[in-house]
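Here is how the chains run, residue by residue.
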Amino acid sequence: MSKTFSIAIDGPAGAGKSTIAKALARSLGAMYLDTGAMYRAFGLYMLRKGAANDPAAVAACVNDVDITVEFVDGAQHIFLGGEDVTTAIREPEVSMAASDVSAVPEVRTRMVALQRKIAEGHSVIMDGRDIGTVVLPNATLKIFLTASAEERARRRCLELEEKGRPVPYEQVLKEMKERDYQDSHRAASPLRAAEDARHVDTSDLTLEQSVALMRDLALEAIGGAK
Ligand code: DC
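Residues numbered from 1 in each chain as written. Predicted model: local features only at pLDDT ≥ 70, side-chain atom pairs only at ≥ 80, totals over all residues. Heavy atoms only, no water.

(A) Here's a closer look at the sheet that holds strand E7 (residues 141-146). In space, the 5 strands of this open sheet follow the order E2-E6-E1-E7-E8, with parallel pairing throughout. Two strands bound the open sheet, and with one partner strand each, they are strand E2 (31-34) and strand E8 (198-201). Along the sheet, successive strands turn relative to each other by an average axial angle of 20°, direction set aside. In this sheet, E7 lies alongside strand E1 (residues 6-10) in parallel orientation, the contact comprising 4 bridges. Of the residues in E7, the one forming a bridge with Ile7 is Leu141. (Pairing = 2+ DSSP bridges. Helix = DSSP H or I, 4+ residues; strand = E, 2+ residues; numbered from the N terminus. Axes fitted to C-alpha atoms, helices over the stretch in contact; angles between N-to-C directions.)

This is the structure we're talking about:
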């Protein structure tokens, strides 16, 4: 595998994108970029200003925010004006703030440029909502990863429980559906599958099965692209 390759993984919240992408990147020796973390960092910045759902305020702040990504022992860390916010951006209230700011075109333009710059010259696996459609339109492989909303909510509940922060299933399901609706109905780069994306539904697959399936698809695509 001497040539670099790129794999775009898009899909709704909680489909397993980041867990699968991380495992796949490790197994293929590629860089993994979690683009949602970048929107989350911007969302956190605007949340702290109390203006995450004010598009005009968000657009006005787009060039004030200093967001950087670093890789520490292969793990992605995200910094906001030098502060490591890797953990803070996982707070539940940041999810909707990230979705809010991500609908603002100026934010998307800046994030997409940053994402392409980080990935330049590397074999990369990126996950998000617009990777196959906008960020990496010529990706070696595009995957649209889904699972039923109920299964995605069930997994998210387990994750929160393991973190010692249980949230009722009905609440998780409701918030997840709201965010998916907002992400797929915005005007700027809405969540949708690229025309040439392979669709993978993980509802009935274990994590190991999902990774194995994606690895097969990746090797087939990389082989074909050489
Ligand atoms: O993947 P995530 O749940 O961490 O993403 C948080 C929000 O960021 C998501 O609701 C929509 C937005 N997002 C986006 O618009 N484009 C991306 N490439 C990644 C995330």
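(B) Molecular detail of the site of the ligand. By nearness alone, 16 residues border the ligand, and Arg40, Arg108, Asp130, Arg179 and Asp183 come closest of all. The separation between an oxygen atom of the ligand and a polar side-chain atom of Arg129 is 2.9 Å. Bound to the protein, the ligand loses 95% of the 450 Å² it would expose on its own. Counting only elements with at least two residues in the shell around the ligand, the list comes to helix H2 (35-48), helix H4 (92-102) and helix H8 (169-185). (Near = heavy atom within 4 Å. Polar contact = N/O pair within 3.5 Å; in protein donor to acceptor, adjacent residues only side chain to side chain. Areas by Shrake-Rupley, 256 points an atom, 1.4 Å probe, with all protein chains shown as cover.)

(C) Geometry of the sheet that holds strand E4 (residues 75-80). Taken together, 3 strands build an open sheet; the order of strands is E3-E4-E5 and the sheet is antiparallel. Across the chains shown, the open sheet's two edge strands, defined by having one partner strand only, are strand E3 (67-72) and strand E5 (83-84). Across 2 bridges, the pairing between E4 and E5 is antiparallel. Paired with Leu80 across the two strands is Glu83, which belongs to E5. Across the sheet, H2 lies against E3, E4 and E5, angled at about 30° from E4, the strand it touches most. (Contact = heavy atoms within 4.5 Å.)

(D) Region of interest: the pattern of salt bridges. A full pass over the atoms with the stated rule returns 13 salt bridges. For Arg165, the salt bridge is made with Glu91, and the minimal N-O distance between the two is 2.9 Å. Taken together, the residues Arg165 in the loop between helix H7 (149-162) and H8 and Glu91 in the loop between E5 and H4 connect sequence positions 74 residues apart. Among the residues examined, Arg165 registers a relative accessible area of 40% and is labelled partly exposed. (Salt bridge = Lys/Arg side-chain N within 4 Å of Asp/Glu carboxyl O. Buried < 20%, exposed > 50% of the residue type's maximum accessible area, 1.4 Å probe, protein only.)

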